[in-house]
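Descriptive analysis of the structure
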Amino acid sequence: MMTLGQWYDPISERWIEPRDTKIATSPGVEDDAVFDRQRTLQVERIWRALVDCCARN
């Protein structure tokens, strides 16, 4: 089994860490809401980057 360390995502402009290396805690409702909001922001940022990239051509 191969274990990956952190890697840099240039689209979201942040370091990504595999989920299984983080400390396992039971997320609360607030944590889920924050996670969903962060995911939404990432999707929007990626979408804008794709649109900008395609608009240049």
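Look up: the structure comes first, before these words.
Nothing here was measured: the structure is a model prediction, and the numbers come from that model. Numbers given for residues are sequential positions, taken from 1 along each chain in its written order. Totals for whole chains, interfaces and linings use all residues, but because this is a predicted model, local features are given only for residues with pLDDT of at least 70 and pairs of side-chain atoms are given and counted only at 80 or more. Remark: hydrogens and water are excluded; side-chain values derive from all non-hydrogen atoms of the structure.

Considering unusual backbone geometry
You will see that Glu-13, though not glycine, has its phi angle at about 55 degrees, which is positive. Secondary-structure assignment places Glu-13 in the loop between β1 (7-9) and β2 (14-16). The buried label goes to any residue with under 20% of its type's maximum accessible area, the exposed label to any with over 50%, and the partly exposed label to all in between, with areas taken from a 1.4 Å probe on protein chains only. On the accessibility criterion, Glu-13 (60% relative accessible area) is exposed. In DSSP terms, a helix is any run of H or I states spanning at least four residues, a strand is any run of E spanning at least two, and both are numbered starting from the N terminus.

Describing the side chain of Asp-9
As for its placement among the helices and strands, Asp-9 is situated in strand β1. Buried and unpaired, Asp-9 has no salt bridge, with Arg-14 as the nearest side chain of opposite charge at 5.9 Å. Side-chain polar atoms of Asp-9 contact the backbone nitrogen of Ile-11, separated by 3.3 Å. In this description, contact between two residues means that some pair of their heavy atoms is separated by no more than 4.5 Å. Ignoring anything within four residues of it in the chain, the contact list for Asp-9 reads Arg-14 and Ile-16. For the charge count, each Lys or Arg is scored as positive and each Asp or Glu as negative, with His and the chain ends excluded. One side-chain nitrogen of Lys or Arg within 4 Å of one carboxyl oxygen of Asp or Glu is enough to make a salt bridge. Counted as a polar contact is a pair of N or O atoms within 3.5 Å, where, for protein atoms, one must be capable of donating a hydrogen and the other of accepting one, and residues adjacent in sequence contribute only when both atoms are in side chains.

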